[in-house]
Amino acid sequence: MSQGRAIDASLDNTATSANTDWRTIGALNVLDTLAQIGQFGIGFIVLPLWVTQRGLNSVEQGLLGSALYLGMLIGIIITPRLTARFGVRRIIVAALLLSTLALAMLPFFPQAFWVPAALLLGGGLGLRWIALEPWLYQIAPEKARGRLIGLHETLIALSMIIAPPLAVLVGIDTDAPFYLGMGFSLAALIPLAFTRPYQAPDDHPSKQARRDWGGGLFQLGLCIALVGGIIDAGFTGLFPLFGDMKGWSAEQVAVLLTIQGIGGVLLQYVTGWLADHRGLAFATAVSSAMTAFSAFVLLFPLNFIGAAVALFILGGGLTAFLTLALIGAASPSQRPIAINVSRISIAFTASAVLGPISIGLGTAVLGPKMLVFEIVGLSIFLLGLLWLGRRRFLSI
């Protein structure tokens, strides 16, 4: 996939500690954090809760959730060509403006326009994701890349903590959460002005690099992305219906989502540390087991505190999937980092399209418990892949 001027993907130019551009790294982290609150926090976390209050059934919610990830997938696929033609900065600006437009459509347009708005919102997130993150990872010092990715994923996971309580504060049954989302998306434009000029070469990756699917680290990251996308998107899209089955109010569901987000934030740096010090396979096994156990516990008649503890642990496991997949993508190889990140992003998002609609259809037949069944089943499936490939993955 041609990256053109979008990203300097050459590993020969990977940053070292001596020449690291910390100002740009800091600005890009702030930009991604603000944008993630508006695009993901409001658009992907609060939106399902908002539509649940308006009586959408599981299939309708699954369709809406899948539309978000389908839009994101389209954005990810077209971003390299767009950045090659227009440059990374312009695409980031366009992504934020597109998401702002989509967030404005949701409260002001009738229900028939919600799926198109979701496609636009997801498209804006996909554009911003694949334009910004390879740039950030390319300029990161190689020896600290795992921890920097963990820190970056921790910062953008703040969206899961900040967005739900803000939505409750301004009124989850009102249109105000979308105004907040628009504000955060526009505010994310400010840090872009503090990044240093970034000039990438005009050469394209060779055909051999495009055909090369890498070694064990990247392949393990790809497996994590394919499984983790279904799990993460399914939970995001259908958890409000599960909470409704458990008898939790919209405010309680918002609090639980916040606690789940806190778990995601606090445990992601640990995930990066585990990958750096114990290997990607070990970190993946820990995260998968943690996810399966904490999701299974939710089937029992827990009190609110018990559910909060389970969701805290589950948040760490769910968020870890993408972190670990990106660590696999950013590992040293003969292939440009940008191609690796693009492939992982496409794999994660393509599988995420299946998550909400598959769980939505299953919920229509088996009830909201289908959410837990799918999370547990796929987590165990990933553990099985690690076991079957233990000789290949043991040392990575």
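Because the structure is predicted, anything quoted here is derived from the model rather than measured.

## Topic: the packing of helix α5 (residues 145-156) against helix α13 (residues 304-329)
- Packing of α5 against α13 brings their axes to within 10 Å, and their N-to-C directions diverge by 150°. For the element pair α5 and α13, the recorded crossing hand is right-handed. From α5, Gly 146, Ile 149, Gly 150 and Glu 153 reach across to α13, where they touch Leu 322, Thr 323, Leu 326 and Ile 327.

## Side note on the pattern of salt bridges
- Using the criterion set out here, one finds 1 salt bridge in the structure.
- Taking the shortest distance from any N to any O, the salt bridge between Arg 128 and Asp 32 comes out at 2.5 Å. Taken as a pair, Arg 128 in helix α4 (residues 114-138) and Asp 32 in helix α1 (residues 22-52) lie far apart in primary sequence, 96 residues in all.
- What makes Asp 32 buried here is its relative accessible area of 0%.

## Thoughts on the environment of Phe 40
- You can see Phe 40 is positioned in helix α1.
- Residue Phe 40 is classed as buried on the basis of its relative accessible area of 9%.
- Separated by 119 residues in the primary sequence, Phe 40 and Ser 159 have C-alpha atoms spaced 6.8 Å apart.

## A word on the confidence of the model for the protein
- For the protein, per-residue confidence averages 84 on the pLDDT scale, and 87% of positions sit at 70 or higher.
- Here helix α9 (residues 207-211) is the element of the protein with the lowest mean pLDDT, 55, and helix α7 (residues 176-187) is the one with the highest, 95.
- Note on residues 1-14: pLDDT under 50 across the span, and 63 contacts to partners over four residues away in sequence or across chains.

## Observations regarding empty space enclosed by the protein
- This structure, assessed with the given rule, holds 2 cavities of 30 Å³ or more.
- Of the volumes computed, that of the largest cavity is approximately 300 Å³.
- Looking at the lining of the largest cavity, the elements that each hand over two or more residues are α1, α2 (58-86), α4, α5, α6 (159-170) and α13.
- Of the residues belonging to the lining of the largest cavity, the class tally is 11 nonpolar, 3 polar and 4 charged.
- Put simply, the second largest cavity is a space of about 40 Å³.
- Residue lining of the second largest cavity: Leu 47, Pro 48, Val 51, Gln 61, Leu 64, Gly 65, Leu 68 and Gly 237, and that is the complete set.
- Of all the elements in the fold, those that place two or more residues in the lining of the second largest cavity are α1 and α2.
- Considering each element in turn, the lining of the second largest cavity owes the most residues, 4 residues, to α2.

The rules behind these values
- Residues numbered from 1 in each chain as written.
- Predicted model: local features only at pLDDT ≥ 70, side-chain atom pairs only at ≥ 80, totals over all residues.
- Heavy atoms only, no water.
- Axes fitted to C-alpha atoms, helices over the stretch in contact; angles between N-to-C directions.
- Helix = DSSP H or I, 4+ residues; strand = E, 2+ residues; numbered from the N terminus.
- Left-handed = near helix turned anticlockwise from the far one by under 90°.
- Contact = heavy atoms within 4.5 Å.
- Salt bridge = Lys/Arg side-chain N within 4 Å of Asp/Glu carboxyl O.
- Buried < 20%, exposed > 50% of the residue type's maximum accessible area, 1.4 Å probe, protein only.
- pLDDT = per-residue confidence, 0-100.
- 1 Å grid on protein atoms, 1.4 Å probe; cavity = no way out; pocket = protein on both sides within 12 Å on 5 of 7 lines; lining within 4 Å.
- Points joined across faces, edges and corners; volume = space filled by probe spheres on them.
- Nonpolar A, V, L, I, M, F, W, Y, C, P; charged D, E, K, R; others polar.

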